[in-house]
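A closer look at the structure
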Amino acid sequence: MTTSTHSVTLLTRVGCGLCANALEQLRVVCAEFDIEPETVDVDEAAETNPEVRAEYGDRLPVVLLDGREHSYFDVDEARLRADLQR
């Protein structure tokens, strides 16, 4: 395992099947770098920050790497691994 200073966040919502699959993929990839992926429910976040749902609500799941959009709909595992090694 490699120690990483990166953060990985999955934007999701309740009942999203693609989001559940993406989280499982992220857990596998992130475990290689000793990272626990975080999850943020866009509907809950929208209660205090409506821009989150407006920006990402139609494209879930969205993977954020260090707070920036990395991929959406699918986890680009090869690209994520490469970026986590940096």
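Residues numbered from 1 in each chain as written. Predicted model: local features only at pLDDT ≥ 70, side-chain atom pairs only at ≥ 80, totals over all residues. Heavy atoms only, no water.

1. Describing the overall build of the protein chain
Looking only at helices and strands, the protein chain features 4 helices and 4 strands. Its helices and strands in sequence order give the protein chain the pattern β-α-β-α-α-β-β-α, from N to C terminus. Since a compact globule built from 86 residues should have a radius of gyration of about 12 Å, the 12 Å found for the protein chain is in line with a globular shape. Based on the C-alpha atoms only, the size of the protein chain along its principal axes is roughly 35 × 25 × 15 Å. The buried share of the protein chain, reckoned over its 86 residues, is 43%. As presented, the protein chain carries roughly 5200 Å² of accessible surface, and 47% of it is formed by carbon and sulfur atoms. Charge separation in the protein chain, taken as the distance between the mean sites of 8 positive and 18 negative side-chain charges, equals 4 Å. (Helix = DSSP H or I, 4+ residues; strand = E, 2+ residues; numbered from the N terminus. Rg over C-alpha atoms; globule rule 2.2 N^0.38 Å. Buried < 20%, exposed > 50% of the residue type's maximum accessible area, 1.4 Å probe, protein only. Areas by Shrake-Rupley, 256 points an atom, 1.4 Å probe, with all protein chains shown as cover. Lys, Arg positive; Asp, Glu negative; His and termini not counted. Charge placed at Lys NZ, Arg CZ, Asp CG, Glu CD.)

2. Things to note about the side chain of aspartate 83
Locating aspartate 83 in the fold gives a position in helix H4 (residues 77-84). Note on aspartate 83: relative accessible area 13%, which makes it buried.

3. A few points about the pairing of strand S1 (residues 8-12)
Counting buried positions along S1 gives 5 out of 5 residues, so the element sits mostly inside the fold. Residues Val8, Leu10 and Thr12 of S1 are buried on one face, and the alternating residues Thr9 and Leu11, pointing to the opposite face, are buried as well. In this sheet, strand S3 (residues 62-65) lies alongside S1 in antiparallel orientation, the contact comprising 4 bridges. For leucine 10, the partnering residue across the bridge sits in S3 and is valine 63. Two elements, S1 and strand S2 (residues 38-41), share 4 bridges in a ladder whose sense is parallel. The residue of S2 that forms the bridge with threonine 12 is aspartate 41. (Pairing = 2+ DSSP bridges.)

4. As for the pairing of S3
Across the two faces of S3 the burial is the same, with Val62 and Leu64 and Val63 and Leu65 all buried. Counting the residues between successive antiparallel strands, the hairpin from S3 to strand S4 (residues 68-72) contains 2 residues, one of them, aspartate 66, with a positive phi of roughly 55 degrees.

5. A few points about the sheet that holds S2
Here we have 4 strands laid out as an open sheet, ordered S2-S1-S3-S4, and mixed in their pairing. Lying at the two open borders of the sheet, with one neighbouring strand each, are S2 and S4. The average undirected angle you get between the axes of adjacent strands in this sheet is 30 degrees. (Axes fitted to C-alpha atoms, helices over the stretch in contact; angles between N-to-C directions.)

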